[in-house]
Amino acid sequence: MICLISGCGGQPEFSHSEKFQTLKPYAQIYVDQVLDNYFGSPSDMVAWDKLPLELHYGQGTVVEASGRMLTVELQAPHAEITAGTEVLWDSGILNDKDSAWILEWDEAKHQAKLESPLATNPEVGDAVILGPGQILATGRMLYAEHCQHCHGVAGDGNGPTAPYLNPRPRDYRKGIFKFTTTQSSKRASREDLSRIVEDGIPGTYMPSFKLLTEDEMTSIIEYVMWLSMRGELENQLIGLLADSYSVEAVEDRIAGGDETSDTIHQEFIDAVNDPDSFPFEVDTIVSRFTSEWVSSQEPDAEVQPLTPRTPSSDESIAKGRELYLKPSLKCAQCHGEAGLGDGSQTFAVSKDAAGQDNLTPGLYDTWGNLVKPRNLHSGIYRGGRRPIDLYSRIYAGIKGTPMPAFSSTLLRKSNPEDSGSEMTDEDIWHLVNYIYSIPFEDVKAGQGGSSIANPVKDANTASEEDSEEVAVN
Amino acid sequence: MKWFWCLFFAFWPIVAIVVCLLAPGNNWWFPGEAASPLGRRIDDLFYMILWITSITFVGTQLVLAYVLFKGASDTEPGTANEKAWFSHGSHKLEVIWSSVPAVILLFIAFYQLDVWAEYRVKDAFPRKRMEAVFERIHQDRQKNDSLALAEVTARQFEWRIRYPGFNADGTLKALMPDPQPTDLYAVNDLHLPASAPVMINLRTQDVQHSFFLPELRIKQDAVPGLVIPIWFEADQQRSYQLLCAELCGWGHYKMNARFVAESDEQFIEYLRQLEREQNEDRVDDAPDTDEEE
Ligand SMILES: [Cu+2]
C-alpha cells in the first residue's frame with residue numbers, strides 16, 4: 001500500500017534484450033550509453049531527429065513574429081496544438097535560446113499568442129518546432145496505459161500478462177510485423193499498424209482499441225515504431241559486439257595466445273573512440289532500418305493487385321481448391337488437405353535459429369514460438385477479412401512466419417502460350433475465393449436457419465433453429 | 001457516553017434524509033438521465049423502492065433514537081430513575097412486522113411485473129414497433145426470421161459485432177443464427193437505429209460477460225452456450241457507452257465500447273460503409289482508398 005502511494009516501485013526501465021548479459025561489462029556499458037544517448041529512458045526520452053518518425057506536434061517556419069504574436073507555416077499534417085505548447089527555435093538567431101510557450105492558438109491562421117513577448121524577433125523563414133517530442137510523450141503515456149502489460153516497457157512482448165497468452169504478444173524489436181499489406185521485402189506501413197490496433201487481432205488476445213482518437217492513434221503508432229527502432233538498434237549492436245566482446249569470445253581470444261584481457265579492453269576503448277569504427281557501425285545500423293521504414297511507407301511498397309477481385313463463383317472456388325492442393329504450392333503441406341491446419345509439416349521436426357532441433361515438432365516463427373498454420377474452417381482471419389488482406393497474406397506471405405510469399409509463383413502470363421501477354425493475378429483471387437468458401441463448405445443449404453446456396457430461405461427450418469428463446473435473467 | 005450513542009443514532013436518519021434530498025439533483029444514483037422510455041420506467045421503479053426503503057429506514061431510526069433519548073433522560077440523576085422495561089415476545093407485534101413487509105414486497109413484485117415482462121419476456125417485446133423499423137430500412141424477411149439486427153459476441157476483451165449483409169436488390173438480409181458469407185463485421189462499435197426498439201442477440205465466446213448500456217439502463221449477462229435477445233430504444237441520435245459489467249478477467253476494464261444510435265438512413269449507410277470496407281480489394285475506383293475510416 002505504501003508502495004502505491006509513494007511510488008517506491010521506481011521508474012519503469014527499458015529491459016535489456018536476452019543477449020545483453022553475455023557481453024563483457026564494458027561492452028554492456030557502451031550499449032547502454034548508445035541507447036541512452038539516442039533514445040533515453042522511459043522517464044526521460046530523447047526525440048532523435050534521425051529517426052523517420054513524427055515526434056513533434058508540428059514543424060514549420062516563421063511567417064511573421066513580433067511581440068507576443070507568432071504566425072507560422074506548418075508542414076501538413078500536424079497534431080492538435082493546444083495552450084501551453086512549447087515553441088522550440090530550430091534555426092536562426094533564436095536557435096538554442098529559451099523556448100517560447102503558446103497561450104492561445106488560432107488554427108485557421110496558424111497564429112499563436114505567446115505567454116510572454118519575445119525579447120528578440122526571429123526572422124521570417126526560421127525553423128520552429130511546436131511541441132517538441134510531445135507525440136512521443138503522449139504515445140508513451142497511452143502505451144503505458146493500454147499496451148505495456150502485454151507488450152512490455154521496451155516492446156519486448158514480455159509484459160507481466162504475456163506469459164499467460166498464446167500466441168505471445170508481439171516483440172517489436174525485430175522490426176517485423178506479421179499482418180501487413182506491403183510487399184514481402186518491406187516492413188509494415190503505418191496504416192497496417194493502426195488498422196491492427198484499431199481492429200485488434202481476432203483469435204488472439206490482441207484487443208481492439210477502436211475508441212482511440214486519431215491523434216491518440218498517431219501517438220501510439222509512432223511510439224510503437226520508436227520502440228521497435230530502439231530494440232532493433234540494441235539487438236543489432238549487441239549482435240555486432242558479441243562476435244569479439246562477449247564473455248565467451250574474450251575467453252576464447254585469451255586462450256588463443258597473443259591477447260590478454262587488458263589488450264582486448266584497450267582495443268574496445270579505441271574502437272569506441274574511433275569514429276570510423278563502432279560509431280560508424282551504429283550509424284550504419286540506424287541508416288539501414290531507417291531507410292527500410294521510410295521506403296515501406298511509400299505507395300509503391302503496398303501490395304497492389306493487378307486485377308479487381310474475381311467475383312466468387314463455383315468455378316472460381318473450384319480453381320482455388322485445385323491450386324490449394326497443387327503440390328508445388330504446398331498450401332496443403334502446412335494447412336492440411338481439408339484446411340484444418342494439420343498438414344504434414346506440422347509433424348516434422350524443424351530447426352531453430354541456432355540450427356538445433358526444436359523439441360516440439362511443427363512450425364516456428366522468427367521469435368521462436370510454435371505457430372500452427374491456420375485452421376481455415378474457423379472463419380477467423382487474424383490479419384483482417386478484406387479481400388486485400390487475404391490477397392496480401394498470399395501475395396507477400398505472413399512476415400516472420402513460415403507462411404511464404406507466393407507473388408513469384410502465382411503471378412503468371414494471362415495466356416500461357418503467349419509470352420508477350422499481360423501478367424495476371426487471377427490465381428491469387430481464386431485462392432482467396434476458395435479460402436472465403438471453406439468455413440461454409442460443410443454447411444448444407446437450409447442448415448443453421450439459413451440457406452447458403454439459396455438465399456430465399458425456408459421458414460420452417462428457420463423456426464427451429466431460431467435462437468430467440470426467452471432467456472430468464 | 002450514553003448521550004453520545006443517542007446523538008450517534010439520531011445522526012443517521014438525518015444523513016439519510018439529506019442524501020435523499022440532494023442525490024437526484026446531483027446525479028448520485030444514476031449516470032445521467034435515462035435515455036430510453038424503458039430506462040425511465042426502470043428509474044421510476046428505483047425511486048419507488050428508494051422511497052419505501054428511505055421512509056422505513058428513517059422511521060425505524062427515529063423510533064430508535066427516541067427510545068434511546070427517553071431511556072437516557074429517565075436515568076439522569078434527579079429524575080424518577082425508572083428502569084427500562086423488558087418484554088419477552090409479543091405475538092401480535094411479530095405478526096405485524098412480518099406481514100407488513102411481506103405485503104410491501106408483494107406489492108413491489110406485482111408492480112414491476114410489466115416492466116420486467118417488457119424487458120425480458122419475448123412475447124411482451126414491442127414486436128410491432130420493431131417490425132416497423134424493418135419496414136423502414138427495407139429488410140427482406142420471413143415471418144420467423146430473427147428480430148435482431150445484430151449479433152453481439154463478447155470475448156476477452158472486446159465486443160465483436162455481426163450484422164446481416166445486403167441482397168443484390170439492395171434490401172437488407174435478415175440476421176441468421178450462423179455466420180453467412182455476406183455478413184458484415186465490426187468490433188467495439190455498435191450502430192443501430194434510434195428512437196425505435198431494436199434488438200440484438202447476445203452471446204459470449206468464452207467466459208461470462210455482461211452487456212451494459214448504463215445510460216439506457218440495460219444490463220444483461222452473456223452466458224456461454226446461450227443466445228440471449230435484448231432490445232432497447234435510444235431516445236436520441238448520439239453515441240452511448242457500452243461496458244462490460246461482469247468481472248470477466250484481468251482485462252475486464254478494456255471492454256468499453258461505443259453504441260451509436262442514429263437515423264435509419266445513417267444506419268443503412270453505416271452498413272454500406274462496412275460493406276465497402278469489407279470488400280476492399282485496392283483496385284477498382286481509386287487506389288489507396290482502403291485506409292478511410
Ligand atoms: Cu467482459
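Anything mentioned here points back to the structure above.
A brief structural summary.

All names here are of chain B. The copper ion binds to the protein through H209 (ND1), C244 (SG), C248 (SG) and M255 (SD); the donor distances cover 2.1 to 2.4 Å. Coordination at the copper ion is tetrahedral: its 4 donor atoms span angles of 92 to 123° at the metal. Sequence spacing of the donors to the copper ion: H-x34-C-x3-C-x6-M. A residue is classified by how much of its surface remains accessible, and C248, at 6% relative accessible area, is buried.

Residues and elements named next belong to chain B. Taking strand neighbours across the sheet as the criterion, the 5 strands line up as β3-β2-β1-β5-β8 in an open arrangement whose pairing is mixed. Among the strands making up the open sheet, the edge pair consists of β3 (184–187) and β8 (228–232). Ignoring which end each strand starts from, the neighbouring axes of this sheet average 25° apart. Here 6 bridges tie strand β1 (residues 148–155) to strand β5 (residues 198–204), and the two strands are oriented parallel to one another. By the bridge assignment for β5, T153 is matched with R203. Set on the sheet, helix α6 (residues 264–278) makes contact with β1, β2 (158–163) and β3; between it and β3 the angle comes to about 100°.

Another point: the sheet that holds strand β10 (residues 257–262) of chain B. Neighbouring strands of a sheet are bound in pairs by backbone hydrogen bonds; such pairs are parallel or else antiparallel. Residues and elements named next belong to chain B. Within the open sheet, the 5 strands sit side by side as β4-β10-β9-β6-β7. Their pairing is mixed. One side of each edge strand has no neighbouring strand; the edge strands of this open sheet are β4 (189–193) and β7 (218–222). When strand polarity is set aside, the average angle formed by the axes of neighbouring strands in this sheet is 20°. Sheet topology note: the β4/β10 ladder contains 5 bridges and is parallel. By the bridge assignment for β10, H191 is matched with V260. Packing of α6 onto the sheet brings it into contact with β4 and β10, and relative to β4 it is tilted by some 140°.

Another aspect to go through is the environment of D192(A). Residue and element names in this part refer to chain A. Relative to the helices and strands, D192 is located in helix α5 (residues 190–199). By relative accessible area, D192 is classed as buried at 1%. It is 5.4 Å that separates the C-alpha atoms of D192 and T180, two residues lying 12 residues apart in sequence.

Glancing now at the packing of aromatic side chains. Describing an aromatic ring pair means giving the distance of the ring centres and the angle of the ring planes. Residue and element names in this part refer to chain A. A full pass over the atoms with the stated rule returns 42 aromatic pairs over all chains. When the ring of Y324 is compared with that of Y434, the centres are 5.4 Å apart and the planes differ by 55°; the resulting orientation is tilted. Of the two residues, Y324 sits in helix α10 (residues 314–325) while Y434 sits in helix α14 (residues 426–437), which places them 110 residues apart along the sequence. A relative accessible area of 2% places Y434 in the buried class.

The rules behind each value
Residues numbered from 1 in each chain as written. Chains lettered and ligands numbered in written order. Predicted model: local features only at pLDDT ≥ 70, side-chain atom pairs only at ≥ 80, totals over all residues. Heavy atoms only, no water. Donors = N, O, S within 2.8 Å, 3.2 Å for Na, K, Ca; no water. Tetrahedral: all angles 85-135°; square planar, octahedral: opposite > 155°, others 65-115°. Buried < 20%, exposed > 50% of the residue type's maximum accessible area, 1.4 Å probe, protein only. Pairing = 2+ DSSP bridges. Helix = DSSP H or I, 4+ residues; strand = E, 2+ residues; numbered from the N terminus. Axes fitted to C-alpha atoms, helices over the stretch in contact; angles between N-to-C directions. Contact = heavy atoms within 4.5 Å. Phe/Tyr/Trp six-rings, centres within 6.5 Å; stacked < 30°, edge-to-face > 60°.

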